[in-house]
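Read off the chains here:
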Amino acid sequence: MRINIAEYFLASVSGQPAARCLQTPDNEQTYEQVFRQSYAISKSLSAYRLLPVVVLLPKSVAAINCIIGTVLSGNIYVPVDISAPIERIEKIISSLGDCVVLYNGTTENVFCSFSEKLYLQAINVDDVVANETLTLDEMVSEVRSQTDTVIDTDPAYIIFTSGSTGAPKGVTVSHRSIIDYIDWANSVYAVSQKDIVGSQAPFYFDNSTLDLYLSFSNCATLNLIPDSIFIFPAKLLDYLNQYRITTIFWVPSLLVNIANLGLLESIKLPNLKNVLFAGEVMPAKQLKY
């Protein structure tokens, strides 16, 4: 029985290091490549344990490296919306107390806009270089000794609500909650290494949990669909075909747009086998379509 979510990723890295892990329109990385960069980030966080680590990056391969690196280090990742008002980001970081902020060149301006007001420990992940001297087995063994101290009741991540009262509130999610969720999903949806999961949800939205760990637990590919593609439903379906995406977990509004436009009459999706949705009401008419 798994005791932490790092085991999902480590099992895939050990079993199929050359398998494709992440995919974007201009980048592909294997499980070993993602692990090596994540390992380097985990080393930079190794002095801490069960400390909130703010992932101040856009949805990207780099953000994935930070999330996995935080998990491998035994700390708690906190994804935030970099397009949110600076005041909201400040409130989130202030409420966390002692924490570390991970950022890169794309978010350095955002970080600098509030870093002087708050006492922060921070790491520019552009400066973190992957270790190419250790073998994969040596790194996996080292990480396992680190993560073996993390148990299922420890916090894995903190996600912040929309803050309808004016103050964003952090919800802490344990390793056991994610494990129960993903093990259930794996018992229902036949996902394997052959699958490609088309990721729509931003990492600061809890729907992204299934995208990440359903992929990693099966050594499948996670395709980070660009936000701009979702503006054009026909282009979105073409994208699904181009990348042979087999599984999606989207908000219903996107699926309703596709149904209302009748796009499936002219665009077939022969590779798509799992269509999941949550977060909003799904109207019966569009669901039937």
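Below: a short report on this structure. (Residues numbered from 1 in each chain as written. Predicted model: local features only at pLDDT ≥ 70, side-chain atom pairs only at ≥ 80, totals over all residues. Heavy atoms only, no water.)

Description of the pattern of salt bridges
Then comes step 1: Taken as a whole, this structure holds seven salt bridges when the rule is applied.
Then comes step 2: Ionic pairing is found between glutamate 142 and lysine 43, a salt bridge with its closest N-O pair at 2.6 Å. Of this pair, glutamate 142 sits in helix α6 (residues 136–147) while lysine 43 sits in helix α2 (residues 31–44), placing them 99 residues apart in sequence.
Then comes step 3: The network of salt bridges with common partners includes Asp152, Arg176 and Asp180. (Salt bridge = Lys/Arg side-chain N within 4 Å of Asp/Glu carboxyl O. Helix = DSSP H or I, 4+ residues; strand = E, 2+ residues; numbered from the N terminus.)

Here we look at helix α4 (residues 86–96)
Then comes step 1: Buried within α4 we find Ile89, Glu90, Ile92, Ile93 and Leu96. What you see down the axis of α4 is that its buried residues fit within an arc of 160°, all on one side.
Then comes step 2: Looking at the buried positions of α4, the neighbouring elements they touch are β3 (52–55), β4 (76–79), β5 (100–103), α5 (108–115) and β7 (155–160).
Then comes step 3: Of the residues flanking the end of α4, it is glycine 97, one or two places downstream, whose phi is positive at about 75°. (Buried < 20%, exposed > 50% of the residue type's maximum accessible area, 1.4 Å probe, protein only. Arc of directions from axis to C-beta. Contact = heavy atoms within 4.5 Å.)

Let's talk about the packing of α2 against α6
Then comes step 1: With their axes 11 Å apart at the nearest point, α2 and α6 run at an angle of 45° to one another. With respect to their mutual orientation, α2 and α6 come out oblique. Read as a crossing pair, α2 and α6 show a hand that is left-handed. Contact residues: Glu32, Phe35, Arg36, Tyr39 and Lys43 in α2; Leu136, Met139, Val140, Glu142 and Val143 in α6.
Then comes step 2: When its residues are assigned to classes, the contact of α2 with α6 shows six nonpolar, no polar and four charged. (Axes fitted to C-alpha atoms, helices over the stretch in contact; angles between N-to-C directions. Parallel < 35°, antiparallel > 145°, perpendicular 65-115°, else oblique. Left-handed = near helix turned anticlockwise from the far one by under 90°. Nonpolar A, V, L, I, M, F, W, Y, C, P; charged D, E, K, R; others polar.)

A look at the side chain of serine 38
Then comes step 1: Examined against the element boundaries, serine 38 turns out to sit in helix α2.
Then comes step 2: Every residue in contact with serine 38, bar those within four places of it in the chain, is listed here: Asn65, Ile68, Gly69 and Leu72.

Things to note about the nonpolar core
Then comes step 1: Counting 53 residues, the largest nonpolar core has Phe9, Phe35, Ile64, Leu102, Tyr213 and Phe216 as the members making the most contacts within it.
Then comes step 2: Here this core gets eight residues from one element, more than from any other, and that element is helix α3 (residues 61–72).
Then comes step 3: Setting aside anything within four residues of it in sequence, one finds leucine 102 in contact with Ile41, Leu45, Val53, Val54, Val55, Leu56, Leu57, Cys66, Thr70, Ile123 and Val125.
Then comes step 4: Within the second largest apolar cluster, 20 residues are counted, among which are Leu237, Tyr239, Tyr243 and Met282. (Core = buried A, V, L, I, M, F, W, Y, C linked by side-chain atoms within 4.5 Å.)

Some remarks on the packing of helix α1 (residues 6–15) against α6
Then comes step 1: Direction vectors running N to C along α1 and α6 enclose 165°, while the axes themselves pass 11 Å from each other. Between α1 and α6, the crossing angle belongs to the class labelled roughly antiparallel. As for the relative orientation of α1 and α6, their crossing is left-handed in sense. Packed against α1, whose contacting residues are Ala6, Leu10, Ala11, Val13 and Ser14, the element α6 presents Leu136, Val140, Val143, Arg144 and Thr147 at the interface.

Quick look at the pairing of strand β10 (residues 221–224)
Then comes step 1: Every second residue of β10 is oriented toward a common face, with Thr221 and Asn223 on one face and Leu222 and Leu224 on the other, all of them buried.
Then comes step 2: With two bridges connecting them, strand β1 (residues 20–24) and β10 associate as parallel partners. Within the sheet, the bridge partner assigned to leucine 22 lies in β10 and is leucine 222.
Then comes step 3: Where strand β9 (residues 196–199) lies against β10, four bridges are found, and the strand directions are parallel. Directly across from serine 199, in β10, lies its bridge partner leucine 224. (Pairing = 2+ DSSP bridges.)

So, unusual backbone geometry
Then comes step 1: At cysteine 219, a position not held by glycine, the phi torsion is positive, near 55°.
Then comes step 2: On the secondary structure map, cysteine 219 appears in the loop between α8 (208–216) and β10.
Then comes step 3: Residues other than glycine seldom take positive phi values, yet arginine 244 does so here, at roughly 55°.
Then comes step 4: On the secondary structure map, arginine 244 appears in the loop between α9 (233–242) and β11 (247–250).

Focus on α5
An α-helical segment advances 3.6 residues per turn. Residues three or four places apart therefore align on the same side.
Then comes step 1: Every buried residue of α5 is listed here: Val110, Phe111, Phe114 and Ser115. Axial view of α5: buried residues confined to an arc of 120°, hence all on one face.
Then comes step 2: Contacts made by the buried residues of α5 are with α4, β5 and β6 (121–124).

These figures capture arrangement, not role.
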